[in-house]
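# Working through the structure, step by step
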Amino acid sequence: MVMCADCRGWFHYPDARLGNDGPRCGVHIHGLREFFGRDVVPLCLRCDMAFRLAHEVPS
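Below you will find a few notes about this structure. (Residues numbered from 1 in each chain as written. Predicted model: local features only at pLDDT ≥ 70, side-chain atom pairs only at ≥ 80, totals over all residues. Heavy atoms only, no water.)

## Looking at the nonpolar core
If you look at the biggest cluster of nonpolar residues, it comprises nine residues: Cys4, Ala5, Phe11, Val27, Ile29, Val41, Leu43, Cys44 and Cys47. Of all the secondary structure elements, the ones that give two or more residues to this core are β3 (26-30) and β4 (40-44). The greatest single-element share of this core, amounting to three residues, is contributed by β4. (Core = buried A, V, L, I, M, F, W, Y, C linked by side-chain atoms within 4.5 Å. Buried < 20%, exposed > 50% of the residue type's maximum accessible area, 1.4 Å probe, protein only. Helix = DSSP H or I, 4+ residues; strand = E, 2+ residues; numbered from the N terminus.)

Below, the structure written as structure tokens:
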């Protein structure tokens, strides 16, 4: 379980390094230090889509 950096909701993002199973319902975005202050930002799929639409980032 990971907390979304935008809505603060919990979602599952399986980590292959730890052998986690389950469907992926979130993303990790790299290179958003100017927006969130860190390079790897966990977002749920809903917030990821809203961010991409707001900033015209292709999926």
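Structure's up, so let's keep going.
## Structural notes on helix α2 (residues 45-55)
Of all the positions in α2, only Cys47, Asp48, Phe51 and Arg52 are classed as buried. All buried residues of α2 lie within an arc of 135° about the axis, which places them on one face of the element. In α2, the exposed positions that point more than 90 degrees away from the buried face belong to Arg46, Leu53 and Ala54. Remark: Glu56 follows α2 within two positions and exhibits a positive phi of approximately 55°. (Arc of directions from axis to C-beta.)

## As for the environment of Val41
Its place among the elements puts Val41 in strand β4. Assessed through its relative accessible area of 0%, Val41 is described here as buried. Residues Val41 and Val27, spaced 14 residues apart in sequence, show a C-alpha to C-alpha distance of 8.1 Å.

## Concerning the side chain of Asp48
Here Asp48 shows up in helix α2. By relative accessible area, Asp48 is classed as buried at 7%. Setting aside residues up to four positions removed in sequence, Asp48 forms contacts with Val27, Ile29 and Leu43. (Contact = heavy atoms within 4.5 Å.)

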